[in-house]
Amino acid sequence: MGGLVCRLSVRWPWASQPRIDVHARLLSQAARLARHALASAVGVQPARVTVHLHPVLPHQVQEHLTRAFRLRQASATCTRRAAAEYRAAAQRLADYGLSLRDIGTVLGISHQRVHQLITGSANGGDAR
């Protein structure tokens, strides 16, 4: 692959819509090169030009990213629910009179972490 080609169409009220082609290997380079090219085309300093790149991805790639985003959201939801269940289990075991160490043994966590779960201190939402 010979690098990226970024085509920018600029619509500024004081400029005739220049078309600028920028060839770069990396998107970060494309933004910098585009900023300089645009600045030169309209006669301003590059520092006065802001470029926002919005890559247009192939449909199949976008579908994968959309599914990954949804799965990551579902995973975060499951993690929060699991943490709530660990807290509830720790609290129930404490209500039955088990020691923090015994609760830790049952849940596979330290007695210090059990204390955090039961008291809600030190990020009690993460049951690991």
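## Notes on the overall build of the protein chain
Right, on to step 1. For the protein chain, the helix and strand inventory stands at 4 helices and 2 strands.
Right, on to step 2. The N-to-C order of helical and strand elements in the protein chain reads β-β-α-α-α-α.
Right, on to step 3. Considering the protein chain as a whole, with its 128 residues, one finds that 22% of them fall into the buried category.
Right, on to step 4. As displayed, the protein chain has an accessible area near 9,600 Å², and 53% of this comes from carbon and sulfur atoms.

## A word on a nonpolar patch on the surface
Right, on to step 1. Together, Leu57, Val61 and Leu65 give the surface a local cluster of nonpolar side chains, amounting to about 230 Å² of exposed area.
Right, on to step 2. Structurally, the position occupied by Leu65 is in helix 2 (residues 59-95).

## Considering the environment of Asp21
Right, on to step 1. Tracing the chain through its elements places Asp21 in strand 2 (residues 19-24).
Right, on to step 2. Separated by 13 residues in the primary sequence, Asp21 and Ala34 have C-alpha atoms spaced 8.0 Å apart.

Criteria and cut-off values
- Residues numbered from 1 in each chain as written.
- Predicted model: local features only at pLDDT ≥ 70, side-chain atom pairs only at ≥ 80, totals over all residues.
- Heavy atoms only, no water.
- Helix = DSSP H or I, 4+ residues; strand = E, 2+ residues; numbered from the N terminus.
- Buried < 20%, exposed > 50% of the residue type's maximum accessible area, 1.4 Å probe, protein only.
- Areas by Shrake-Rupley, 256 points an atom, 1.4 Å probe, with all protein chains shown as cover.
- Patch = residues over 30% accessible without salt bridge, like charges linked within 9 Å, V, L, I, M, F, W, Y side chains within 5 Å.
- Salt bridge = Lys/Arg side-chain N within 4 Å of Asp/Glu carboxyl O.

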